[in-house]
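# Structural description and commentary
Residue strings, one per chain:
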Amino acid sequence: MDKQILLNAYRLMCTAGAMAKTYEANRQVCKYVHSTSRGHEAIQLATAFQLLPCDFVSPYYRDESLLLGLGFTPYTLMLQLLAKGDDIFTAGKEYYSHPNYRGDDKATIIHQSSATGMQAIPATGIAQGLQYLQKIDSPLFKKGSNGENPIVVCSLGDASLTEGEVSEAFQFAVLKKLPIIYLIQDNGWGISVTSEEARTMDAYKFAKGFKGLQRISIDGSDFSESYQAINKVINEVRENSVPFLVHGKVPLLGHHTSGVRKEFYRSEEDFAKHAKEDPLRKLKNRLLHSGIEEKDLDEIEAIVSEAVAQQFESAKEAPEPDPAKVTEHIFAPTNITEEQGERTPAGKEKVVMVDAALFAIREIMEDFPEAIVYGQDVGKRLGGVFRETATLGEQFGDHRVFNTAIQEAYIIGSTVGMSATCVKPIVEVQFADYIYPGINQLATEVAKSCYLSNGKFPVQTVIRVPIGAYGGGGPYHSGSIETLLLSIKGIKIAYPSNAADMKGLMKAAFLDPNPVIMLEHKGLYWSKVSGTEEAKTVEPSRDYVLPFGKGNVVLKADEQKIKNGETACIITYGMGVYWAKNAAKKFAGQIEIIDLRTLFPLDEELVFSTVKKHGKCLVLTEEQQNDSFAEALAGRISKECFQFLDAPVQVLGALNLPAVPMNIYLEKAMLPDEEKVEEEIIKLFNY
Ligand SMILES: Cc1ncc(C[n+]2csc(CCOP(=O)(O)OP(=O)(O)O)c2C)c(N)n1
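Residues numbered from 1 in each chain as written. Predicted model: local features only at pLDDT ≥ 70, side-chain atom pairs only at ≥ 80, totals over all residues. Heavy atoms only, no water.

### A word on the packing of aromatic side chains
- What the rule picks out here adds up to 24 aromatic pairs.
- Between Phe223 and Tyr227 the ring centres are 5.7 Å apart and the planes differ by 40°, which places this aromatic pair in the tilted class. Highlighted residues: Phe223 and Tyr227, both in helix H9 (residues 223-240), separated by four residues, approximately one helical turn. Considered together, Phe223 and Tyr227 belong to a single accessibility category, that of buried residues.
- Taken together, the ring pairs in this structure connect Phe386, Phe431, Tyr434, Tyr525 and Trp526 into an aromatic cluster.
- Cation over ring: Lys492 sits above Phe331, and NZ or CZ is 5.1 Å from the ring centre. (Phe/Tyr/Trp six-rings, centres within 6.5 Å; stacked < 30°, edge-to-face > 60°. Helix = DSSP H or I, 4+ residues; strand = E, 2+ residues; numbered from the N terminus. Buried < 20%, exposed > 50% of the residue type's maximum accessible area, 1.4 Å probe, protein only. Lys NZ or Arg CZ within 6 Å of the ring centre and 35° of its normal.)

Structure follows, in structure tokens:
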């Protein structure tokens, strides 16, 4: 092996060692929890040295040496250790060794969470994005300076492999033959849980179950062995686009984290066993055998120790983040701030809501080659269980519109990686009731990426979710989920109630650089439910967009009646709009109805000004009422409009049952309807 590479590895291993010692010696200063790479240095450096700026890497929290190997300085890493304002990764918002990076000089690193194993799906999404860009010959597909194809490295601890989501990622990678390396660093521990206690096979044996996943098991504490093995693996993945699992056995020489100390649960015997595999000692011996003098190695060690000490002092002096910046980068700015285009073009036919969505997506796909559609059953053969993607597969081909396996976590979480490659996924979760397996990816990865990467990695994705109850859909095809979603900060949520809004919001959602969930009521899709005929509208023009956060007055009250104090307003969305409209027929001129159209952002201005005008307000929702979004909104209205209210703000939602029952009479008993709304209106007027 090239001596310069070995010496560089030695220098960086000494650097990592000096950093770990410095942190231990300054525990009061290094107060935020952190893990070091002691024991894992060899395999990490061997990997980092061979990555190109066109590549992507998704490290985990112990990959400090990988970061040093990529060229980040100890000072850069220490700014994150101390959560300083100049931390280039997250500006003080994230733990040590939780990088994210975009630059021409190094591999790209998407935002890293601490959730073990969860980066497997986003990282696999990157490989999916790269493969797509290559296929369409996109200028966004960036090769290395010698024409090398880009690859993805997803680094994981061995214990994280038992997470179910890792299997979803492996399934997808082998199915599509993606250019990704899963680098498993096996130190035999998962905090205090031993591998024997947790599983019957190591990562290498586990990989055998995934047909097409190439695999290799190596001594990850031996730098030369690791370097050579990884060299072969990288070449294979670059040239043949195959997924590969590298299983590296490594010792764990430091603590699990600064807080979970090794003496709490490990024996002297275990320490001794691990110490024998120290990669630094192994590399030093190799260098001595190759003729390098010990004094030269000692000198390297002394120089880096001095440099680490100095950089630590500088990092300590660096300023704390400005607390005023705590709310920055929740979302990336969107250009869609005004309604544009023609909402009701002359001479156009009325369309049902499901077709408005379909036509919007068709136009998007015609205009944006980076737009792709995937989810269960959305491909050619069926075109969606509601025919909501019908004909798209035929028109745009299987590479742009395709079925996935049943893996909601993958469907949602892969968009993080796709988005980092500038592919713009429109994905679908078949029913709101089945979003739960994807909620982890949504909350852990999708929603936090923009904020925690300080705006570098907003996740541009549209997640379509058919929702809502009608006609005996039963307990697992009728549920509402908006309160659950609204508790996750960092995503936007639209809930259109008619075809025109659907088209305008779908376009705005696609153009928004942030994650957007489109809640699409199945009962409104075809206006089949009696009383929802108005969900059918003229199809807006191709350039029609509707900004998020702008509610709509769908029914106005009579001005004179408002003056007389004889009116009330109903704040609602989705199916509620039709319950309200139909109930209002009995109270001519007395009801004003606001359709929120998007639940986040929310048009509070319109809500509050409307309530202040009428003094009486009903918030209406299809969701189970208690602790719902509707109740929370009613609370905010009460506070904001207190002096203008003639009656307590009322809320009407579904009964507080665990599920929507199947039988249509039971379903009716649970849900609001126009009669129940009427009763609420009467109550309001009788206050
Ligand atoms: C989803 C999730 N569950 C639990 C934890 C708490 N936790 C942090 S590290 C860890 C053990 C991980 O072991 P391994 O993946 O082998 O990595 P190592 O720390 O040994 O390098 C656990 C359980 C977590 N971070 N994420």
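### Examining the packing of helix H5 (residues 120-135) against helix H15 (residues 408-420)
- Between H5 and H15, the shortest axis-to-axis distance is 6 Å and the interhelical angle comes to 65°. In this structure, H5 crosses over H15, and the sense of that crossing is right-handed. Contact with H5, carried on its side by Ile121, Pro122, Thr124, Gly125, Ile126, Gln128 and Gly129, involves Ala409, Tyr410, Gly413, Ser414, Val416, Gly417 and Met418 of H15 and no other residues of that element.
- Classifying every residue of the contact of H5 with H15 by side-chain character gives seven nonpolar, seven polar and no charged. (Axes fitted to C-alpha atoms, helices over the stretch in contact; angles between N-to-C directions. Left-handed = near helix turned anticlockwise from the far one by under 90°. Contact = heavy atoms within 4.5 Å. Nonpolar A, V, L, I, M, F, W, Y, C, P; charged D, E, K, R; others polar.)

### Points about the sheet that holds strand E11 (residues 424-428)
- As summarised here, the arrangement of the seven strands in space is E10-E9-E11-E12-E14-E13-E19, forming an open sheet in which the pairing is mixed. At either end of the open sheet lies a strand with only one pairing partner, and these are strand E10 (401-403) and strand E19 (598-600). Between one strand axis and the next, the sheet turns through 20° on average, direction left out of account.
- Here strand E13 (residues 492-494) pairs with E19 via two bridges, running antiparallel. Across the sheet, Ala494 pairs through a bridge with Thr598, a residue of E19. (Pairing = 2+ DSSP bridges.)

### Regarding the pairing of strand E2 (residues 152-157)
- Across the six residues that make up E2, a large majority, six, are buried.
- Neither face of E2 is left uncovered, since the one carrying Val152, Cys154 and Leu156 and the one carrying Val153, Ser155 and Gly157 both have all their residues buried.
- When strand E1 (residues 56-58) meets E2, the two strands line up parallel, connected through three bridges. Within the sheet, the bridge partner assigned to Val57 lies in E2 and is Val153.
- As defined by bridge partners, E2 adjoins strand E3 (residues 180-186) across six bridges and the pair is classed as parallel. Among the inter-strand pairings, Leu156 is bridged to a residue of E3, identified as Ile184.
- Regarding topology, helix H6 (residues 164-176) serves as the crossover connection from E2 to the parallel E3, and that connection is right-handed. (Right-handed = clockwise from strand over helix to strand, strands pointing away.)

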